[in-house]
Amino acid sequence: MTELVVRPEAELDTLGAAAWYEGEQPDLGLRFFGEVSAALQRIEAGPLQFPLVFQDIRRAILHRFPFGVFFI
């Protein structure tokens, strides 16, 4: 299994998006965090399953939100 390192900028983006979703509907921010967590688990389990989008950068798309997790 691959160990992930999440950059501080990515954490800030995630927190900002979750806060926005929470402002739109109660518990929606929490569901967003759950989707991000699920994407990170999928990346850890098999990073090569995700497509290359530019040089060595891959992207995992969240299932219920219009966001992607970009990683190397």
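Refer to the structure printed above.
Reading the values: the criteria
- Each chain has its residues counted from 1, running along the sequence as written.
- Residues qualify for local features only when their pLDDT is at least 70, as the model is predicted, and side-chain atom pairs are given and counted only at 80 or more; totals for whole chains, interfaces and linings, by contrast, use all residues.
- Side-chain metrics in this entry use all non-hydrogen atoms of the structure; hydrogen atoms and water are not considered.
- Patch building starts from residues that exceed 30% relative accessible area and form no salt bridge, then joins like charges within 9 Å and nonpolar side chains (Val, Leu, Ile, Met, Phe, Trp, Tyr) within 5 Å.
- Only the protein chains shown count as cover for residues, and the accessible areas themselves come from Shrake-Rupley with a 1.4 Å probe.
- A carboxyl oxygen of Asp or Glu within 4 Å of a side-chain nitrogen of Lys or Arg is what we treat as a salt bridge.
- By definition, any uninterrupted DSSP run of H or I lasting at least four residues is a helix, any uninterrupted run of E lasting at least two residues is a strand, and each is numbered from the N terminus.
- Working definition: with a 1.4 Å probe on protein chains only, accessible area under 20% of the residue-type maximum means buried, over 50% means exposed, and in between means partly exposed.
- Here a cavity is any set of points on a 1 Å grid over the protein atoms alone where a 1.4 Å probe fits but cannot get out, and a pocket is any open set with protein on both sides within 12 Å along at least 5 of 7 lines; a residue lines the site when it has an atom within 4 Å of a point.
- Grid points are joined across faces, edges and corners, and a volume is the space filled by probe spheres set on the points.
- For this classification, the nonpolar set comprises Ala, Val, Leu, Ile, Met, Phe, Trp, Tyr, Cys and Pro, the charged set comprises Asp, Glu, Lys and Arg, and every other residue, Gly included, is treated as polar.
- Aromatic contacts are taken between Phe, Tyr and Trp rings whose centres are within 6.5 Å, Trp giving its six-membered ring; a plane angle under 30 degrees counts as stacked, one over 60 as edge-to-face, and the others as tilted.

Peer 1: Even after reading the chapter, I still don't get a nonpolar patch on the surface, so can you show me in this structure?
Peer 2: A surface patch of nonpolar side chains, about 420 Å² in accessible area, is lined by Leu12, Leu15, Leu30 and Phe33. Within the residue set of the nonpolar patch, elements represented by two or more residues are helix H1 (8–24) and helix H2 (28–45). Within the secondary structure, leucine 30 sits in helix H2. What makes leucine 30 exposed here is its relative accessible area of 59%.

Peer 1: For this particular structure, what's the right way to read the layout of surface pockets?
Peer 2: One way to see where empty space is left: roll a probe the size of a water molecule over the atoms. Volume-wise, the largest pocket comes out at about 720 Å³. Lining the largest pocket are 26 residues, and of these Val6, Ala10, Val69, Phe70 and Phe71 sit closest to its centre. Among the secondary structure elements, those contributing two or more residues to the lining of the largest pocket are H1, H2 and strand S3 (68–71). Of the residues forming the lining of the largest pocket, the biggest block, six residues, is contributed by H1. Partitioned by chemical class, the residues of the lining of the largest pocket number 17 nonpolar, four polar and five charged.

Peer 1: Looking at this model, I keep getting lost on the packing of aromatic side chains. Mind explaining?
Peer 2: To describe a pair of aromatic rings, one takes the distance between the centres and the angle between the planes. Tallied over the full model, the rule gives seven aromatic pairs. With a centroid separation of 5.0 Å and 65° between ring planes, the pair formed by phenylalanine 32 and phenylalanine 67 is classed as edge-to-face. With phenylalanine 32 in helix H2 and phenylalanine 67 in the loop between strand S2 (57–61) and S3, this pair connects stretches of sequence that are 35 residues apart. The class for phenylalanine 32 is buried, based on a relative accessible area of 2%.

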